[in-house]
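Below, each chain spelled out in residue letters.
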Amino acid sequence: MVEGARTLKILQTLSYVAGVAIAWAFLSESRLFVFPILAAGVISGVVLPYAFRRTSATEKG
């Protein structure tokens, strides 16, 4: 379980960094700058933990 939690934290960090990098690289002059950052936050805070819970439950059972 510890290794799964560590992997989750790494993936959360990478997804958020990717969202910020995309926003900065492509949308730095626009108001749309906010949307990739919000999407990365939703992915790292909601989607990834949900996916990890589902996969860990199926591996145990």
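Computed from a prediction, not measured in an experiment: that's the story for all the values here.

## Comments concerning the overall build of the protein chain
Looking only at helices and strands, the protein chain has two helices and zero strands in total. In terms of overall dimensions, the protein chain is more spread out than a globule: its C-alpha atoms have a radius of gyration of 14 Å, far above the 10 Å expected for 61 residues. Along the three orthogonal principal directions, the C-alpha set of the protein chain runs to about 50 × 15 × 10 Å. Burial analysis of the protein chain (61 residues in total) assigns 18% to the buried set. Surface accessibility of the protein chain: about 4,900 Å² in total, with carbon and sulfur atoms responsible for 70%.

## Some remarks on the side chain of Gln-12
Note that Gln-12 resides in helix α1 (residues 2–27). Judged by its relative accessible area of 15%, Gln-12 falls in the buried class. A polar contact of 2.6 Å, which involves the side chain of Gln-12, links it to the backbone oxygen of Ser-44. Apart from the residues lying within four places of it in its own chain, the contact partners of Gln-12 are Ser-44, Gly-45, Leu-48 and Pro-49.

## Some words on the side chain of Ser-44
Mapped onto the fold, Ser-44 is located in helix α2 (residues 34–60). Setting aside chain neighbours within four positions, we find Ser-44 in contact with Gln-12, Ser-15, Tyr-16 and Pro-49.

The rules behind the values
- Residues numbered from 1 in each chain as written.
- Predicted model: local features only at pLDDT ≥ 70, side-chain atom pairs only at ≥ 80, totals over all residues.
- Heavy atoms only, no water.
- Helix = DSSP H or I, 4+ residues; strand = E, 2+ residues; numbered from the N terminus.
- Rg over C-alpha atoms; globule rule 2.2 N^0.38 Å.
- Buried < 20%, exposed > 50% of the residue type's maximum accessible area, 1.4 Å probe, protein only.
- Areas by Shrake-Rupley, 256 points an atom, 1.4 Å probe, with all protein chains shown as cover.
- Polar contact = N/O pair within 3.5 Å; in protein donor to acceptor, adjacent residues only side chain to side chain.
- Contact = heavy atoms within 4.5 Å.

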